[in-house]
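Residue-level structure breakdown
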Amino acid sequence: MIQTSMVKSIHDKEYREIIERLKKARIEVRLSQQAVADKLGKPQSYISKIESGERRLDVAEMKKFAVIYKKPADHFLK
């Protein structure tokens, strides 16, 4: 039996804070969602879904965003 109470929600407070820092960093470097998506070879909806919390961000993706936004990866985890 799987204990579901241990499963973290995509919408938990800590995760939302990470996503807010990610979005703020994009705005600080004055890039649109489309511009970031183009750099990643993804559709704009990919960025939108991450920023809205609809799609979960993984560590490898976070590293790519850090390079684009010229921030250390741990900036988003503070």
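Residues numbered from 1 in each chain as written. Predicted model: local features only at pLDDT ≥ 70, side-chain atom pairs only at ≥ 80, totals over all residues. Heavy atoms only, no water.

Our next topic: the overall build of the chain. Along its length, the chain carries 4 helices and 0 strands. By the burial criterion, 32% of the 78 residues in the chain qualify as buried. Long-range contacts, defined as pairs at least 24 residues apart, comprise 57% of the intrachain contacts of the chain with a sequence gap of at least 6. (Helix = DSSP H or I, 4+ residues; strand = E, 2+ residues; numbered from the N terminus. Buried < 20%, exposed > 50% of the residue type's maximum accessible area, 1.4 Å probe, protein only. Contact = heavy atoms within 4.5 Å.)

Below, the discussion takes up the confidence of the model for the chain. Confidence in the prediction of the chain, expressed as mean pLDDT, is 89, and 86% of residues score 70 or more. Mean pLDDT values for the elements of the chain range from 95 in helix α1 (residues 13-28) up to 98 in helix α2 (residues 33-40). (pLDDT = per-residue confidence, 0-100.)

What follows is about the environment of D58. Turning to its location among the elements, D58 is positioned in the loop between α3 (44-52) and α4 (59-69). Relative accessible area serves as the criterion here: at 40%, D58 is assigned to the partly exposed category. From its side chain, D58 meets the backbone nitrogen of A60 in a polar contact 3.1 Å long. At 2.8 Å, the side chain of D58 forms a polar contact with the backbone nitrogen of E61. (Polar contact = N/O pair within 3.5 Å; in protein donor to acceptor, adjacent residues only side chain to side chain.)

Once that is clear, we can look at the packing of aromatic side chains. Under the criterion given, the structure shown has 1 aromatic pair. Consider the rings of F65 and Y69, whose centres lie 5.7 Å apart with planes at 40°: the pair is tilted. Of this pair, F65 and Y69 are both found in helix α4, 4 residues apart, which corresponds to roughly one turn of the helix. The lysine or arginine in question, K42, covers the ring of Y46, its NZ or CZ lying 5.0 Å from the ring centre. The cationic tip of R56 hangs over the ring face of Y15; the distance from NZ or CZ to the ring centre is 4.0 Å. (Phe/Tyr/Trp six-rings, centres within 6.5 Å; stacked < 30°, edge-to-face > 60°. Lys NZ or Arg CZ within 6 Å of the ring centre and 35° of its normal.)

What follows deals with α2. Buried within α2 are the following residues: Q33, V36 and A37. Along the axis of α2, the buried residues cluster in a sector spanning 100°; they form a single face. Across from the buried face of α2, at angles greater than 90 degrees, the exposed residues are D38 and K39. Packed against the buried residues of α2 are α1, α3 and α4. With its phi angle positive at about 70°, G41 sits one or two positions after the end of α2. (Arc of directions from axis to C-beta.)

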